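One letter stands for each residue in the lines below.
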Amino acid sequence: ASRQSAEETDRKVLEFQKRRAAQGSPTSQYDLSLRFLEGNGVEKNEDQARMWMRKAADGGNAQAKSHLQTLGWQEN
């Protein structure tokens, strides 16, 4: 695949993840939080990463719960 089509595909995946995360999908919320954490396709933003990670954990995503503990972001 050409570089441009890979970028276009990633942009479509990002839009899908944003839409699904907003609709309450814990998996998409977790995936989106990782993007913000790493600056992958979006501007790096720890506040956004934390918000989506918490939503994913609240929604029952085990990876998000584990990640919150690893990052020291779990609520007291």
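From a predicted model like this one, the values you see are computed outputs, not experimental measurements.

Novice: Break down the overall build of the protein for me, with residues and values.
Specialist: Looking only at helices and strands, the protein features four helices and zero strands. Start at the N end of the protein and walk to the C end: the helices and strands fall as α-α-α-α. Taken over the C-alpha atoms alone, the protein extends approximately 45 × 20 × 15 Å along its principal axes. For the protein, the proportion of its 76 residues judged to be buried stands at 30%. Sequence separation of at least 24 residues holds for 36% of the intrachain contacts in the protein that already meet a minimum separation of 6. A total of about 5,100 Å² of accessible surface is found on the protein, and carbon and sulfur atoms cover 43% of it. Taken as two groups, the 12 positive and 11 negative side-chain charges of the protein have centres that lie 3 Å from each other.

Novice: Can you lay out the packing of helix α3 (residues 46–58) against helix α4 (residues 62–71) for me, pointing to particular residues and giving the numbers?
Specialist: As a packed pair, α3 and α4 sit with axes 8 Å apart at the nearest point and diverge in direction by 135°. With respect to each other, α3 and α4 are oriented oblique. You can see that α3 and α4 cross each other, and the crossing is left-handed. In contact with Met53, Arg54, Ala56 and Ala57 of α3, α4 contributes Ala64, Lys65, His67, Leu68 and Leu71. Classifying every residue of the contact of α3 with α4 by side-chain character gives six nonpolar, one polar and two charged.

Novice: Describe in detail the environment of Asn40, supporting the description with residues and values.
Specialist: Within the fold, Asn40 resides in the loop between α2 (26–38) and α3. Counting along the chain gives 26 residues from Asn40 to Leu14, while the straight-line C-alpha distance between them is 9.4 Å. When residues no more than four places from it in sequence are discounted, the contact partners of Asn40 are Asp10 and Arg35.

What counts and how
- Residues numbered from 1 in each chain as written.
- Predicted model: local features only at pLDDT ≥ 70, side-chain atom pairs only at ≥ 80, totals over all residues.
- Heavy atoms only, no water.
- Helix = DSSP H or I, 4+ residues; strand = E, 2+ residues; numbered from the N terminus.
- Buried < 20%, exposed > 50% of the residue type's maximum accessible area, 1.4 Å probe, protein only.
- Contact = heavy atoms within 4.5 Å.
- Areas by Shrake-Rupley, 256 points an atom, 1.4 Å probe, with all protein chains shown as cover.
- Lys, Arg positive; Asp, Glu negative; His and termini not counted.
- Charge placed at Lys NZ, Arg CZ, Asp CG, Glu CD.
- Axes fitted to C-alpha atoms, helices over the stretch in contact; angles between N-to-C directions.
- Parallel < 35°, antiparallel > 145°, perpendicular 65-115°, else oblique.
- Left-handed = near helix turned anticlockwise from the far one by under 90°.
- Nonpolar A, V, L, I, M, F, W, Y, C, P; charged D, E, K, R; others polar.

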